[in-house]
Amino acid sequence: MTDFDSIPESPPPPGHNAGELTVSELSQAIKRTLEGRFERVRVKGEISGFKRAASGHLYLMLKDENAALKSVCWKGNAARLGIIPEDGMEVIATGRITTYGDRSEYQLVIERLELAGIGALLKMIEERKKKLAAEGLFNAERKRPLPVLPTIIGIVTSPTGAVIRDILHRLGDRFPRHVLLWPVLVQGEGAAAQVAAAIRGFNALEPGGAVPRPDLLIVARGGGSIEDLMAFNEEIVVRAAAESAIPLISAVGHETDTTLIDFASDRRAPTPTAAAEMAVPVRAELITMLGEIGHRLSSTVNRRLGEARLAIEGLARGIPEPMRLIQEKAQSLDGWLERWANARLPYFRRREDRVAQLRAELKTPHQQLAEARSAIDLAANRLGAAFNLALERQHRGLERIGNGLNPRLLSELVARKRTALDHLGQLLDSYSYEKVLERGFALVRDAAGKPVLTAAAVSSGDTLTLQFRDGSVDAVAGGKGPEKSKRKTTPPTGPQGSLL
């Protein structure tokens, strides 16, 4: 292959027999020249058109007011960048210049990325703070109270720094607790990812598992510049702190240092030592305080018991003797029982007198039958008298008429009238139940004096009264025979019909 240095700087004179290069040869020569000349460069510019490919590679443009430089960061280096690129961010990119022969372009392969200055860094932090605050990650209602005395404390910090020794020493002085350390980088490339993974890792532990789940988390780091503390301003760390279900104390830097994790944590400590003081109380002070509380509680209980005893004794003096109350109520009960016994007999006597009076006013069935019989006899007498009177009037009328009629015809007419009247009288006599009794029948009445019309109305043992033409006889009904219960009564035939 032809080296790039062998290419003449000016075109050969006419007719000169110069060698020819292929496009690929020329592209490779340019590539080697640029990479050899610009093997390591640091370029300052503003990020524009940033995008992350599905493969994990980062593509962006570095530009200033006059030019733009295409840049790429391969996936392996992208995971180790100290910051996450954003459009408009002013940065210093460290890498090497190379070419992309397929498009005849040159580009910067970024290996490291840092902010261009403190002003740009503070601007980026402020914009990120506004964004996360708008999502509600810093709201006060998200803050959880710290446990009074945690059993296990999880600490996220570097295992080699002075921070972990200060925290352990302070915990030992105040109230020794079981501590779990999750070692992480606290600055530089990958620190933010490790801190976020540690917070989420502690939250992922199962209560009662082989590795116990902490009751409190402390994320700590010593002081440093704003670039040194940049890992605790990263969005991934802030979101992990806000999502933590375990109460979290942030102790990053000194009192004047403020990072975004401070706004997302449940409590902010000015120093790691102060975080240990927030985490546990002083054991001696706690014992003293508990003793004082116990003493006050005991005094309060004794005082309340004494007041209650005095109140009960005062109430007891105003209450009569229970036995005397019982005796008074027993005496009152005896009086009521006596009054009830005395009032009961006159009441029942009055009721008996009233029943006797009503009984006297009521008529027995025999009396009612006698009265009815008398009424029928009276009506029959009146009917007979009226009939005789009417007959006499008819005779007189007929006599007056007969004076002018044929004697023989008149005699026949009179005989017919008499025959009709005789039949009418016989019919009236046949309707009287006494005539039926004279023919050998009997009238059956029950104990209430009501006529019994059917055998089904009589039960065995019923008291009955049998009235004949010459008097009444009492009887008791016996059992019904199978033949008698099925016997049908044939109504009598004749001109009179059936009376019963």
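Above this text is the structure in question.
In what follows, the accompanying structure is described.

What counts and what doesn't
- Residues numbered from 1 in each chain as written.
- Predicted model: local features only at pLDDT ≥ 70, side-chain atom pairs only at ≥ 80, totals over all residues.
- Heavy atoms only, no water.
- Helix = DSSP H or I, 4+ residues; strand = E, 2+ residues; numbered from the N terminus.
- Buried < 20%, exposed > 50% of the residue type's maximum accessible area, 1.4 Å probe, protein only.
- Areas by Shrake-Rupley, 256 points an atom, 1.4 Å probe, with all protein chains shown as cover.
- Pairing = 2+ DSSP bridges.
- Axes fitted to C-alpha atoms, helices over the stretch in contact; angles between N-to-C directions.
- Salt bridge = Lys/Arg side-chain N within 4 Å of Asp/Glu carboxyl O.

**What about the overall build of the chain?**
What the chain contains, in helices and strands, is 14 helices and 13 strands. With 500 residues in all, the chain has 26% of them scored as buried. For the chain, the exposed surface amounts to about 33400 Å²; the carbon and sulfur share of it is 56%.

**Description of the sheet that holds strand β11 (residues 443-445)**
Spatial strand order, β11-β12-β13: three strands in an open sheet with antiparallel pairing. The outermost strands of the open sheet, each flanked by one partner alone, are β11 and β13 (471-476). Looking at each pair of strands side by side, their axes are set apart by 25° on average, direction ignored. Pairing between β11 and strand β12 (residues 463-468): three bridges, direction antiparallel. Paired with Val 444 across the two strands is Leu 466, which belongs to β12.

**Notes on the sheet that holds strand β10 (residues 267-268)**
Spatially, the five strands line up as an open sheet ordered β7-β6-β8-β9-β10, and their pairing is parallel. In this open sheet, the two edge strands, each paired with only one partner strand, are β7 (178-183) and β10. Relative to β10, strand β9 (residues 248-252) runs parallel, the two being bridged by two bridges. Following the sheet pairing, Ser 250 is matched in β10 by Arg 268.

**As for the pattern of salt bridges**
Within this structure, the stated rule accounts for 14 salt bridges. For Arg 200, the salt bridge identified is with Glu 243, shortest N-O distance 3.3 Å. One end of the pair, Arg 200, is in helix α5 (residues 191-204); the other, Glu 243, is in helix α6 (residues 235-243), and 43 residues separate them in sequence. On the accessibility criterion, Glu 243 (52% relative accessible area) is exposed. A salt bridge links Arg 268 to Asp 262, with the nearest nitrogen and oxygen atoms 3.2 Å apart. Members of the salt-bridge network, linked through shared partners, are Lys 131, Glu 135, Glu 235 and Arg 239.

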